Amino acid sequence: YLDDHESEFQREETRSMDYVVFDVVPSAADSAIVADEVMDLKQSLANANNDSSFVTINSDDPYPFITYTDDNLPAVLQGQEMGFVSEPAIVNGSYEFYKLSRKDEPAPDSVLYRVAKMKKEFFVSDETINEVYRQADLFAASAGNLEEFTRLAEEQGLDVRTANRIGKNAQRVGQIIEARTLVLWLYNDAKTGAVSEVKEVGEKYVVAAMTAEQEEGVVCQESDIFSLGVVLYELLTG
């Protein structure tokens, strides 16, 4: 039956792997540097003669000088005097604070507030990047095979993630979106049980271990044979 129906039981070539991710994120020292810079900028903004120019030069926000009405004025500025500067707050991973620069009344029942907005994003220093890479490289060098990979990950408290049946043209692997370097390693350099060198993927470092491969052709795994058996049973029993 299988010989006569090969076209119905074809499978694509795939590879499977486990992997660990080393995220490149700001260290405590990096965060402290940004915090100090923000406090200096707060004082400088309070003393600035031209708020618009100051935030245009120093803010990471693409639209740093904004016009508000009474209806949408940020809560931290409501009821404040002109020249007031709010305390910096962390919003979506960046420091943000405002200065109430000017108040205009173009009409008796209309008020416009000119507000300078400072935004300062966190950054990752070269020292931090190098340290994360060193950790990833040491892990990769110490894990000579899949068994050691699994053991070391457990000892170091690393989250081992699994990606199964990866096609040779895949762009994404598991939760990693831009994963072509990993796919190319799987198909060009790896074999079952092998551990990769450190792969830079976006703002992460990844170390992978190939766990299985499936060649292109007619099905032959036990699960596939079981599925074929079910089909035959249904055919025989009508």
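My aim in this report is to walk through the structure given alongside it, one point at a time. Source: prediction; values computed, not measured.

**So, the overall build of the protein chain**
In terms of regular secondary structure, the protein chain is built from six helices and 10 strands. Out of the 238 residues in the protein chain, the part that is buried amounts to 37%. Of all intrachain contacts in the protein chain linking residues separated by at least 6 positions in sequence, the fraction that spans at least 24 positions is 63%. If you sum the accessible surface of the protein chain, you get close to 14400 Å²; carbon and sulfur atoms cover 47% of it.

**Some thoughts on the pattern of salt bridges**
Per the counting criterion, the structure on display carries 15 salt bridges. Salt-bridge contacts for Arg134 lead to Glu131; the nearest nitrogen and oxygen are separated by 2.9 Å. Of this pair, Arg134 and Glu131 are both found in helix 3 (residues 126-142), three residues apart, which corresponds to roughly one turn of the helix. Taken together, the shared-partner salt bridges in this structure form one network comprising Glu13, Arg15, Lys168 and Glu213.

**Overview of the nonpolar core**
Core analysis: the biggest nonpolar cluster contains 20 residues, and Met17, Tyr19, Ile166, Val173 and Leu182 have the highest contact counts within it. Sorting the residues of this core by element identifies strand 2 (14-23), strand 7 (161-167), helix 5 (180-188) and strand 9 (204-214) as the ones contributing at least two each. Among the elements that take part in this core, helix 5 stands out by supplying five residues, more than any other. Counting 16 residues, the second largest nonpolar core, distinct from the first, contains Val24, Phe149, Ala153 and Ala209.

**As for unusual backbone geometry**
Within the chain, Asn92 stands out as a residue other than glycine whose phi angle is a positive 50°. Tracing the sequence through the fold places Asn92 in the loop between strand 4 (89-91) and strand 5 (94-107). With relative accessibility at 80%, the residue Asn92 sits in the exposed group. The phi dihedral of Arg165 falls on the positive side, at around 50°, and the residue is not glycine.

**So, the sheet that holds strand 2**
Pairing is antiparallel across the open sheet formed by four strands, whose spatial order is 7-2-9-8. The outermost strands of the open sheet, each flanked by one partner alone, are strand 7 and strand 8 (199-201). Pairs of neighbouring strands in the sheet enclose a mean axial angle of 40°, with direction left out of account. One ladder, built from 10 bridges, connects strand 2 with strand 9; its direction is antiparallel. What sits directly across from Tyr19, in strand 9, is Ala208.

**Things to note about the packing of aromatic side chains**
Two aromatic rings are characterised by how far apart their centres lie and by the angle between their planes. For the coordinates displayed, the defined rule picks out four aromatic pairs. Here the aromatic rings of Tyr95 and Phe122 are separated by 5.3 Å at their centres, their planes lie at 35°, and the arrangement is tilted. Taken together, the residues span a long stretch of sequence, with Tyr95 in strand 5 and Phe122 in the loop between strand 6 (110-121) and helix 3 at a distance of 27 residues. Pairing Tyr133 with Tyr205 gives two aromatic rings, centres 5.2 Å apart and planes at 75°, and the pair type is edge-to-face. Of this pair, Tyr133 sits in helix 3 while Tyr205 sits in strand 9; the two residues are 72 residues apart in sequence, bridging distant segments of the chain. Three or more aromatic residues joined by ring pairs make a cluster, and in this case those are Phe22, Phe139 and Phe149.

**With respect to helix 4 (residues 146-155)**
Along helix 4, the residues that are buried comprise Phe149, Leu152 and Ala153. Buried residues of helix 4 fall within an arc of 100° about the axis and therefore sit on the same side. Along helix 4, exposed side chains directed more than 90 degrees from the buried face belong to Glu147, Glu154 and Glu155. Where helix 4 is buried, its residues meet strand 2, helix 3 and strand 9. At the C-terminal side of helix 4, Gly157 shows a positive phi close to 70°.

Reading the values: rules and limits
- Residues numbered from 1 in each chain as written.
- Predicted model: local features only at pLDDT ≥ 70, side-chain atom pairs only at ≥ 80, totals over all residues.
- Heavy atoms only, no water.
- Helix = DSSP H or I, 4+ residues; strand = E, 2+ residues; numbered from the N terminus.
- Buried < 20%, exposed > 50% of the residue type's maximum accessible area, 1.4 Å probe, protein only.
- Contact = heavy atoms within 4.5 Å.
- Areas by Shrake-Rupley, 256 points an atom, 1.4 Å probe, with all protein chains shown as cover.
- Salt bridge = Lys/Arg side-chain N within 4 Å of Asp/Glu carboxyl O.
- Core = buried A, V, L, I, M, F, W, Y, C linked by side-chain atoms within 4.5 Å.
- Pairing = 2+ DSSP bridges.
- Axes fitted to C-alpha atoms, helices over the stretch in contact; angles between N-to-C directions.
- Phe/Tyr/Trp six-rings, centres within 6.5 Å; stacked < 30°, edge-to-face > 60°.
- Arc of directions from axis to C-beta.

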